Amino acid sequence: MLTAAAVVTNLGSHGALIAAAFAVLESGGDGGDVGLVAAARTLPLVLFLLIGGAVADRLPRHRVMVAANTLNCLSQAVFAVLVLTGEARLWQMMLLSALGGTGQAFFNPAAEGMLLSSVTAEQAGRAFALFRFASQGATMTGAAVGGALVAVIGPGWVLAVDAAAFAIAGAMRAFLDVSHIPDREPGHGMLADLRDGWREFVGRPWLWAIVVQFSLVNAVIVAADAVYGPQVARDHLGGAGPWGVALALFGAGNAVGALLMTRWKPRRLLFVGVLCVFPFALPSAALAVPAPIAVLCVSMFVSGMSIEVFGVSWMTALHQEIPEEKLSRVSAYDWFGSVSMVPLAAALAGPAESAFGRPAALWGCAGLCVAATAAVLCIRDVRTLTRWGTKPVALGEPDAEPRSADAEGAVGRLG
């Protein structure tokens, strides 16, 4: 049910991102106005993530998810009506985008906590791989279909479809079976819960180190792919068409990586996952050269595949190591670290290009990715954390003793 609801949401949301940008442009705005609407969504996402995590660990997570979906549904529905009637103003679109970002700030920690608590240890890796495969497939399909629909029927109707998708997904999540999740004792207040989550976060070197790593990695990927990539494609690779093919190959890599992780259970899951972050630097390096489009496509495919190996390994580690009652708070700190540097990177990408030149800025992106990843491998727990046995950690039942992936009956192990 969680996977099906995520597919419905992603089909609508990623088309709506394109629709929102074109709605701004069709209302008379320019590229700067598109950026303002995007920033209006990102800012409350960053501001409210930690509060959202604490709320999701105090209340039933599926109810928090449904409430967030309701807010997103209403904000997108109003957005759609304004666009369809030709009455959309920039401040209105910014306000509605901010409401959508607020809903996402409460939804993300609740959704990740819900997902992590819903599977047993022996099935965790395959379940997370299946979830990511379905979600990434819906993301690619939603972006492709949404872009086509914007051209055919206009952005207002695509926004209306997204509102309907939130309504359907919210209804599905309302019927989630949560009987397997133990009752949680009442907390001692919001601040106390946040401090408790912070202690859980900083007390695990592997956890905070990888979150810091990805605060840099995500930032430079956004700068390379969202800011520099389209410009390189325009100037050297033949325009938007080849760039779209490269992005599609990244999505294909996502799918292959997720399928791989349904079969592969690496024993040292974090070590393998972090090693797979090194290929994230390949697209930035290919754009910096700039390499021929075939080389760029290969680098995008490899990086897309590697991100799924890391993603499944990361989710499995969280499922195994974090107590169920603190999953959403820890997830909130993870999300906060992962997105907090993205707006700054997007804002500094242009000045960096002006100061150092585009190739140097892209080489800098690749270098930061490699350096941050190499630094994380210096953390002992990252290198040594191993997969546990088969008992469901999420239910609070300690495993008798850690066992290797082979003891769990892994199939198709590659190492």
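Owing to the predicted nature of the structure, the values given are computational and were not obtained by experimental measurement.

1. Considering the overall build of the protein chain
- Counting secondary structure elements, the protein chain contains 16 helices and zero strands.
- For the protein chain, the proportion of its 415 residues judged to be buried stands at 51%.
- Partitioning the intrachain contacts of the protein chain with sequence separation of at least 6 by distance along the chain shows that 87% fall at a separation of at least 24.
- A total accessible area of about 17,500 Å² is found for the protein chain, and carbon and sulfur atoms account for 69% of it.

2. Thoughts on the layout of surface pockets
- Computed from the structure, the second largest pocket encloses a volume of approximately 270 Å³.
- For the second largest pocket, the lining is made up of 15 residues, of which Ala219, Val220, Ala345, Leu348 and Leu368 are closest to its centre.
- Mapped onto the lining of the second largest pocket, the elements with two or more residues apiece are helix H8 (205-237), helix H14 (342-356) and helix H15 (358-376).
- When the residues that make up the lining of the second largest pocket are grouped by side-chain class, the tally is 14 nonpolar, one polar and no charged.

3. Looking at the packing of aromatic side chains
- Taken as a whole and assessed by the stated rule, the structure comprises eight aromatic pairs.
- With centroids separated by 5.8 Å and ring planes inclined at 75°, the aromatic side chains of Trp206 and Trp314 adopt a geometry described as edge-to-face. Linking Trp206 in helix H8 with Trp314 in helix H12 (residues 293-321), this pair joins segments that are 108 residues apart in sequence.
- In textbook terms, an aromatic cluster arises when at least three aromatic residues are bridged by ring pairs, as seen for Trp206, Phe214, Phe280, Phe310 and Trp314.
- One residue, Arg268, lies across the ring of Phe271, its end atom 4.5 Å from the ring centre.

4. Notes on the packing of helix H4 (residues 90-116) against H12
- Put simply, H4 and H12 touch, their axes get as near as 10 Å, and they point 75° apart. One finds that H4 runs roughly perpendicular with respect to H12. Along its contact with H4, which presents Glu112, Leu115 and Leu116, the element H12 presents Met315, Leu318 and His319.
- Among the residues forming the contact of H4 with H12, the class breakdown is four nonpolar, one polar and one charged.

5. Section: helix H13 (residues 327-339)
- For H13, which comprises 13 residues, the first-to-last C-alpha distance of 18 Å matches the rise-based estimate of 18 Å (1.5 Å per residue) to within 8%.
- Across the 13 residues that make up H13, a large majority, eleven, are buried.

6. Concerning H4
- When the terminal C-alpha atoms of H4 are compared, their 39 Å separation across 27 residues agrees well with the 39 Å that a helix rising 1.5 Å per residue should span.
- Of all bends in H4, the biggest is about 25°, found at Phe107, and the proline Pro109 comes one to four residues later.
- Within H4, 21 of the 27 residues are buried, which leaves it mostly tucked inside the rest of the structure.

7. Considerations on the pattern of salt bridges
- A complete count under the given rule lists five salt bridges for this structure.
- Among the ionic pairs, Glu87 bridges to Arg89, the shortest N-O distance being 3.8 Å.
- According to the relative accessible area criterion, Arg89 is partly exposed, its value standing at 42%.
- In this structure, Arg358 engages Asp235 in a salt bridge whose closest nitrogen and oxygen atoms are separated by 3.1 Å. Linking Arg358 in helix H15 with Asp235 in helix H8, this pair joins segments that are 123 residues apart in sequence.
- Among the residues examined, Arg358 registers a relative accessible area of 16% and is labelled buried.
- One network of salt bridges, with partners in common, ties together Asp235, Glu353 and Arg358.

8. Examining a nonpolar patch on the surface
- Nonpolar side chains collect at one region of the surface, where Leu84, Val145, Leu149, Val152, Ile153 and Trp157 lie side by side and expose about 550 Å² of accessible area between them.
- The greatest single-element share of the nonpolar patch, amounting to four residues, is contributed by helix H5 (residues 124-153).
- For Ile153, the position within the fold is in helix H5.

9. A few points about the environment of Leu194
- Within the element layout of this structure, Leu194 appears in helix H7 (residues 190-202).
- For Leu194, a relative accessible area of 16% gives the class buried.
- Residues Leu194 and Leu50 lie 144 residues apart in sequence; the distance between their C-alpha atoms is 7.3 Å.
- Ignoring any residue separated from it by four or fewer positions in sequence, one finds Leu194 in contact with Leu50, Ile51, Ala54 and Tyr333.

About the cut-offs
Residues numbered from 1 in each chain as written. Predicted model: local features only at pLDDT ≥ 70, side-chain atom pairs only at ≥ 80, totals over all residues. Heavy atoms only, no water. Helix = DSSP H or I, 4+ residues; strand = E, 2+ residues; numbered from the N terminus. Buried < 20%, exposed > 50% of the residue type's maximum accessible area, 1.4 Å probe, protein only. Contact = heavy atoms within 4.5 Å. Areas by Shrake-Rupley, 256 points an atom, 1.4 Å probe, with all protein chains shown as cover. 1 Å grid on protein atoms, 1.4 Å probe; cavity = no way out; pocket = protein on both sides within 12 Å on 5 of 7 lines; lining within 4 Å. Points joined across faces, edges and corners; volume = space filled by probe spheres on them. Nonpolar A, V, L, I, M, F, W, Y, C, P; charged D, E, K, R; others polar. Phe/Tyr/Trp six-rings, centres within 6.5 Å; stacked < 30°, edge-to-face > 60°. Lys NZ or Arg CZ within 6 Å of the ring centre and 35° of its normal. Axes fitted to C-alpha atoms, helices over the stretch in contact; angles between N-to-C directions. Parallel < 35°, antiparallel > 145°, perpendicular 65-115°, else oblique. Expected span 1.5 Å × (residues − 1). Bend = angle between axes of the 7 residues up to and from the residue. Salt bridge = Lys/Arg side-chain N within 4 Å of Asp/Glu carboxyl O. Patch = residues over 30% accessible without salt bridge, like charges linked within 9 Å, V, L, I, M, F, W, Y side chains within 5 Å.

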